[in-house]
Amino acid sequence: MRIDEAYLVAQLRALLSIDSPTGYTDQVVRHCSKELSRLGLAPELTRRGAIRAVRRGSRRNGARAIVAHLDTLGAQVKLVKDNGRLELVPIGHWSARFAEGARVTLYSEPGTFRGSVLPLKASGHTFNDEVDTLPVGWPFVELRIDAVTQSKAETRALGIDVGDFVAFDANPEILDNGFINARHLDDKAGVAIALAAVEALGRESVKTPVDIHFLFTIAEEVGVGAAAIVTPEIASMVTIDNGTTAPGQNSSEFGVTVAMADQSGPFDYHLTRKLVDLCREHDIPFQKDVFRYYRSDSASAIEAGHDVRTALIAFGVDASHGYERIHAHALTSVARLTALYAASPLEIARDLEEVSGLAGFPRQPTVEADQPEFDPEDIGPPAGAGPLD
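A brief structural summary. (Residues numbered from 1 in each chain as written. Predicted model: local features only at pLDDT ≥ 70, side-chain atom pairs only at ≥ 80, totals over all residues. Heavy atoms only, no water.)

### Re the overall build of the protein
Right, so step 1: A tally of helices and strands in the protein yields nine helices and 18 strands.
Right, so step 2: For the protein, the spread of C-alpha atoms along the principal axes amounts to about 75 × 70 × 40 Å.
Right, so step 3: Looking at the protein residue by residue over its 389 residues, the buried ones come to 52%.
Right, so step 4: Within the protein, contacts between residues at least 6 apart in sequence are counted, and of these 76% link residues at least 24 apart.
Right, so step 5: On the protein, roughly 18900 Å² of surface is accessible, and the fraction owed to carbon and sulfur atoms is 50%.
Right, so step 6: The distance from the centre of the 38 positive side-chain charges to the centre of the 54 negative ones in the protein is 7 Å. (Helix = DSSP H or I, 4+ residues; strand = E, 2+ residues; numbered from the N terminus. Buried < 20%, exposed > 50% of the residue type's maximum accessible area, 1.4 Å probe, protein only. Contact = heavy atoms within 4.5 Å. Areas by Shrake-Rupley, 256 points an atom, 1.4 Å probe, with all protein chains shown as cover. Lys, Arg positive; Asp, Glu negative; His and termini not counted. Charge placed at Lys NZ, Arg CZ, Asp CG, Glu CD.)

Shown next, in the form of structure tokens:
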């Protein structure tokens, strides 16, 4: 199952060029739908624009879903200030520390405006050390619009108002050594991965044991995610999203990060183990991780009451929800695992039915693990200690 890395990176670049803060996603939905159609699928849109594209397999029931989200972090205008600048509130959970200095596009009813997000005390020539002591937070930044305005009335006369959307420039830089730096890699890299898996399955004419539902959600950053797009025939759902490479985490910018749990609890034991087994079988580098301050499309589906097995496979991201960095090795690794999962045999036959008896219900291992027989001579002295008596 070869992944076309050039195609994947080209799609990522195209996605990053399209603003899509949660609530302002129509343009990216159109792009993704057109690409899915070009790849031979027939995308369907919900009323608000979440996408479902089904790749037909041998069975309808017991379908598998692969989900990524099209929406990104952003902001909205909270207040038009007396000086003509704009107070902002975040879309999604992220720190104003990463908004400071950003170039943005403001989407108002009359049209778009460009601008910069600046701290309230932005000039060292004026405020001296106060520039460094100003607290970090959304009340301490403002949007300076690149338009002639120095008052609330002049800004309002431009058609700018409370609730207007603010999209932050992605500023992607794709290096020859495989590193990719940009905002919004969460989760546009996940969307590019899903598209690359669709492309690989089609190019190699892969037959799957069940239908594969490729789902693209539009409100994951505000917690809605896959709550309303999962259909009854779906038995399992694999989410593609970022893994946080930071101190105290086991994620990596290389290979696949298989999430064992997030703040909503453990992922499905059997589905997670299947993904790990596929990595081992096909020599895909991987590591496991647990995320304490993280939720995904999988969580929203479960919380909405959908009875599906869920798992999360991640590409390691450094500085998540900031100016993020990933490596192409992780993207192609996750895409390959995604395609292999779609093509893999169905192992829990009872998942074809929504409800059934105990027959065929899987087992989790409970037997005691084999251990070598204990030999005191194998135990050396503690570090820095003398020989044992």
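### A word on a negative patch on the surface
Right, so step 1: On the surface, Glu-373, Asp-375, Glu-377 and Asp-378 cluster together into a negatively charged patch.
Right, so step 2: Tracing the sequence through the fold places Asp-375 in the segment after α9 (328-343).
Right, so step 3: Residue classification places Asp-375 among the partly exposed residues on the basis of a relative accessible area of 32%. (Patch = residues over 30% accessible without salt bridge, like charges linked within 9 Å, V, L, I, M, F, W, Y side chains within 5 Å. Salt bridge = Lys/Arg side-chain N within 4 Å of Asp/Glu carboxyl O.)

### Observations regarding helix α7 (residues 269-281)
Right, so step 1: For α7, which comprises 13 residues, the first-to-last C-alpha distance of 18 Å matches the rise-based estimate of 18 Å (1.5 Å per residue) to within 8%.
Right, so step 2: In this fold, the buried residues of α7 make contact with β3 (63-69), β13 (234-245), β14 (256-262), β16 (286-290), β17 (309-318) and α9.
Right, so step 3: Regarding α7, its N-cap is Asp-268, as a side-chain oxygen of that residue lies 3.2 Å from the backbone nitrogen of His-270 further along.
Right, so step 4: Positive backbone phi, approximately 55 degrees, marks Asp-283, located one or two places after α7. (Expected span 1.5 Å × (residues − 1). Polar contact = N/O pair within 3.5 Å; in protein donor to acceptor, adjacent residues only side chain to side chain.)

### Thoughts on the pairing of strand β9 (residues 165-168)
Right, so step 1: Side-chain alternation along β9 places Phe-165 and Ala-167 on one buried face and Val-166 and Phe-168 on a second face that is also buried.
Right, so step 2: Pairing geometry for strand β4 (residues 74-80) and β9, over two bridges, is antiparallel. The partner of Gln-76 across the bridge, within β9, is Phe-165.
Right, so step 3: In terms of strand pairing, strand β6 (residues 103-107) meets β9 through four bridges, oriented antiparallel. (Pairing = 2+ DSSP bridges.)

### Looking at the pairing of β3
Right, so step 1: Among the seven residues that make up β3, seven are buried, leaving the element largely enclosed by the rest of the structure.
Right, so step 2: Covered by surrounding structure in β3 are Ala-63, Ala-65, Val-67 and His-69 together with Arg-64, Ile-66 and Ala-68, the residues of both alternating faces.

### Examining the packing of aromatic side chains
Right, so step 1: A complete count under the given rule lists six aromatic pairs for this structure.
Right, so step 2: Between Tyr-24 and Phe-165, the aromatic rings sit 5.3 Å apart at their centres with planes inclined by 45 degrees, giving tilted as the arrangement. Placement of Tyr-24 in the loop between α1 (5-16) and α2 (26-38) and of Phe-165 in strand β9 is noted, with a sequence separation of 141 residues between them.
Right, so step 3: Residue classification places Phe-165 among the buried positions, given a relative accessible area of 17%. (Phe/Tyr/Trp six-rings, centres within 6.5 Å; stacked < 30°, edge-to-face > 60°.)

### Observations regarding the pattern of salt bridges
Right, so step 1: Taken as a whole and judged by the stated rule, the model has 19 salt bridges.
Right, so step 2: Between Arg-203 and Glu-204 there is a salt bridge; the shortest N-O distance is 3.5 Å.
Right, so step 3: For Arg-203, a relative accessible area of 33% gives the class partly exposed.
Right, so step 4: Beyond isolated ion pairs, a larger network of salt bridges with shared partners links Arg-56, Arg-60 and Asp-211.

### Quick look at the side chain of Ser-108
Right, so step 1: Here Ser-108 shows up in the loop between β6 and β7 (112-119).
Right, so step 2: Once you skip the residues sitting within four places of it in the chain, Ser-108 turns out to touch Phe-113, Gly-159, Ile-160 and Asp-164.

### Quick look at the nonpolar core
Right, so step 1: One finds Leu-12, Leu-70, Phe-216, Phe-315, Ile-326 and Leu-331 to be the most contacted residues of the largest nonpolar core, which totals 63 residues.
Right, so step 2: At 12 residues, helix α6 (residues 185-203) tops the list of elements feeding residues into this core.
Right, so step 3: Among the nonpolar cores identified, the runner-up in size contains 21 residues, and Trp-94, Ala-99, Val-104 and Trp-138 belong to it. (Core = buried A, V, L, I, M, F, W, Y, C linked by side-chain atoms within 4.5 Å.)

### Quick notes on the environment of Arg-103
Right, so step 1: Looking at the element boundaries, Arg-103 is found in strand β6.
Right, so step 2: For Arg-103 and Gly-124, which are 21 residues apart along the polypeptide, the C-alpha to C-alpha distance reads 20 Å.
Right, so step 3: Ignoring any residue separated from it by four or fewer positions in sequence, one finds Arg-103 in contact with Arg-114, Gly-115, Ser-116, Asp-146, Ala-167, Phe-168 and Asp-169.
Right, so step 4: A polar atom in the side chain of Arg-103 sits 2.8 Å from the side chain of Ser-116.

### A look at the packing of α6 against α9
Right, so step 1: Look at α6 against α9: their axes get within 8 Å of each other, and the N-to-C directions meet at 50 degrees. Between α6 and α9, the angle is such that the two are oblique. Between α6 and α9 lies a crossing of right-handed hand. Residues Ala-189, Ile-193, Ala-196, Ala-197 and Leu-201 of α6 lie in contact with α9, whose contacting residues are Leu-331, Val-334, Ala-335, Thr-338, Ala-339 and Ala-342.
Right, so step 2: For the contact of α6 with α9, the class distribution of residues is 10 nonpolar, one polar and no charged. (Axes fitted to C-alpha atoms, helices over the stretch in contact; angles between N-to-C directions. Parallel < 35°, antiparallel > 145°, perpendicular 65-115°, else oblique. Left-handed = near helix turned anticlockwise from the far one by under 90°. Nonpolar A, V, L, I, M, F, W, Y, C, P; charged D, E, K, R; others polar.)

### Considerations on α1
Right, so step 1: The terminal C-alpha atoms of α1 lie 16 Å apart, and with 12 residues this matches the ideal 16 Å at 1.5 Å per residue to within 8%.
Right, so step 2: For α1, the set of buried residues is Tyr-7, Leu-8, Val-9, Gln-11, Leu-12, Leu-15 and Leu-16.
Right, so step 3: The elements touched by buried residues of α1 are α2, β10 (173-174), β11 (179-182), α6, β18 (324-327) and α9.
Right, so step 4: For α1, the N-terminal cap is Asp-4; the gap from its side-chain oxygen to the backbone nitrogen of Ala-6 is 3.2 Å.

Remember that the coordinates give geometry; whether it matters functionally is a separate question.
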